[in-house]
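Results of the structural survey
For reference, the chains in residue letters:
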Amino acid sequence: MAGHQDQVWLKMWKENSPELRAKAVEWRREHALERIDRPSRLQKARQLGYKAKQGIAVVRMRVGRGNMRKKRPVAGRRPKHLGVLRIKPALSMQRVAERRVLERFPNMKLLGSYYLYQDGIYLWYEVILADPSHPRISTDREMRGKISGLKN
């Protein structure tokens, strides 16, 4: 069951509210990977293990929408059906976003991620990371237990 804050966010998203669209305009101008101070969907972030403490980072990741763009064959015979269009990725875009964030932060562990917004070109996800070697995280028994159960 979603909390009150998350219900407000979902209502804004379903109604395509001007506030959310204005935020998306700002997000388009930012880099694809943007570290942020606090999560946009606090309720969802807390479900995934977010706590407002040192050693936990929240990253907004932007990934492109659409099918995979494969190159046309250049050498050899040309197949009748080139196999360039309508090729779908095996991974969801959320997993792609998580992987790209983890490549950028190799010392962090992934707690989880959630959907944020999408427009015609991009999808945005927020990814929550924890630093297992940070003293505030390593002394917190609950966080230590969560991190030890992770495989990444």
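Preceding this section is the structure that the text describes.
Here is a short report on the structure shown in this document. Note that the structure is predicted; figures quoted are calculated from it, not measured.

**Description of the overall build of the protein chain**
Counting secondary structure elements, the protein chain contains six helices and four strands. The buried share of the protein chain, reckoned over its 152 residues, is 35%. Taking all contacts inside the protein chain whose residues are at least 6 apart in sequence as the whole, residues at least 24 apart take part in 66%. When the accessible surface of the protein chain is totalled, it reaches about 10,200 Å², and 51% of it is carbon and sulfur. The protein chain carries 35 positive and 14 negative side-chain charges, and their two centres are separated by 10 Å.

**Some details on the nonpolar core**
Within the largest apolar cluster, 36 residues are counted, with the highest numbers of intra-cluster contacts made by Ile56, Val63, Val101, Phe105, Tyr125, Ile128 and Leu129. Broken down by secondary-structure element, the contributors of at least two residues to this core are α2 (18-29), β1 (33-36), β2 (56-64), α4 (93-104), β3 (109-118), β4 (122-130) and α6 (141-148). It is β4 that provides the largest number of residues to this core, a total of seven residues. Beyond its immediate stretch of four places on either side in the chain, Tyr125 contacts Val59, Arg60, Met61, Val63, Met93, Gln94, Ala97, Tyr114, Tyr115 and Leu116.

**A short note on the pairing of β2**
Consecutive side chains of a regular strand alternate in pointing toward one face of the sheet and then the other. Here β2 lies mainly inside the structure; eight of its nine residues are buried. Pairing of β2 with β4 involves nine bridges; the strand directions are antiparallel. Bridge pairing in β4 links Gly64 to Tyr122.

**Examining the packing of aromatic side chains**
Scanning the entire structure with this criterion turns up six aromatic pairs. Here Trp13 and Tyr115 contribute two aromatic rings whose centre-to-centre distance is 5.5 Å and whose plane-to-plane angle is 80°, an arrangement assigned as edge-to-face. In this pair, Trp13 is assigned in helix α1 (residues 4-15) and Tyr115 in strand β3, connecting sequence segments 102 residues apart. Taking relative accessible area as the criterion, Trp13 reaches 31% and is therefore assigned partly exposed. Clustering of aromatic rings is evident, with ring pairs tying together Trp27, Tyr117, Tyr122 and Trp124. The ring centre of Trp9 lies 4.3 Å from the NZ or CZ of Arg41, which sits over that ring. The cationic tip of Arg62 hangs over the ring face of Tyr122; the distance from NZ or CZ to the ring centre is 4.4 Å.

**Comments concerning unusual backbone geometry**
Most peptide bonds take the trans form, and the phi angle of most residues other than glycine is negative. Here Asn16, not a glycine, exhibits a phi torsion of approximately 55°, which is positive. Inspection of the secondary structure puts Asn16 in the loop between α1 and α2. Accessibility expressed as a relative area gives 34% for Asn16, which makes it partly exposed. Its identity is not glycine, yet Arg86 carries a phi of approximately 60°, on the positive side. Relative to the elements of secondary structure, Arg86 occurs in the loop between β2 and α4. Residue classification places Arg86 among the exposed positions, given a relative accessible area of 72%.

**Digging into the pairing of β4**
Counting buried residues along β4, eight of its nine residues qualify, which places the element largely inside the surrounding structure. Inspection of the sheet shows β3 paired to β4 by eight bridges, in the antiparallel sense. Within β4, the position partnered with Tyr115 by the bridge is Tyr125. With antiparallel pairing between neighbouring strands as the criterion, β3 and β4 make up a hairpin whose turn holds three residues.

Cut-offs used in this document
- In this numbering scheme, every chain counts its residues from 1 along its sequence in written order.
- The predicted origin of the model limits local features to residues at a pLDDT of at least 70 and limits the giving and counting of side-chain atom pairs to 80 or more, whereas totals for whole chains, interfaces and linings rest on all residues.
- Note that water and hydrogens are dropped before the side-chain values are worked out from all heavy atoms of the structure.
- Only DSSP runs of H or I with at least four residues qualify as helices, and only runs of E with at least two residues qualify as strands; both kinds are numbered from the N terminus onward.
- Three labels apply to residues, based on accessible area from a 1.4 Å probe with only protein chains included: buried if under 20% of the type maximum, exposed if over 50%, partly exposed otherwise in between.
- Any pair of residues with heavy atoms lying within 4.5 Å of one another is described as a contacting pair.
- A 1.4 Å probe and the Shrake-Rupley method give the accessible areas. Residues count as covered only by the protein chains that appear here.
- The charged-residue count follows a simple rule in which Lys and Arg add positive charge and Asp and Glu add negative charge, with His and chain termini not counted at all.
- Charge coordinates come from a single atom per side chain, which is NZ of Lys, CZ of Arg, CG of Asp or CD of Glu.
- To form a nonpolar core, buried Ala, Val, Leu, Ile, Met, Phe, Trp, Tyr and Cys residues must be joined to one another through side-chain atoms within 4.5 Å.
- In this description, strands pair whenever DSSP reports at least two bridges between them.
- Geometry of aromatic contacts follows a simple scheme: Phe, Tyr and Trp rings, the Trp one being its six-membered ring, pair when their centres are within 6.5 Å, and the pair is stacked under 30 degrees between planes, edge-to-face over 60, tilted otherwise.
- The rule for a charge over a ring is simple: NZ of Lys or CZ of Arg within 6 Å of the ring centre, and within 35 degrees of the ring normal.

The values are spatial; any link to function lies outside them.
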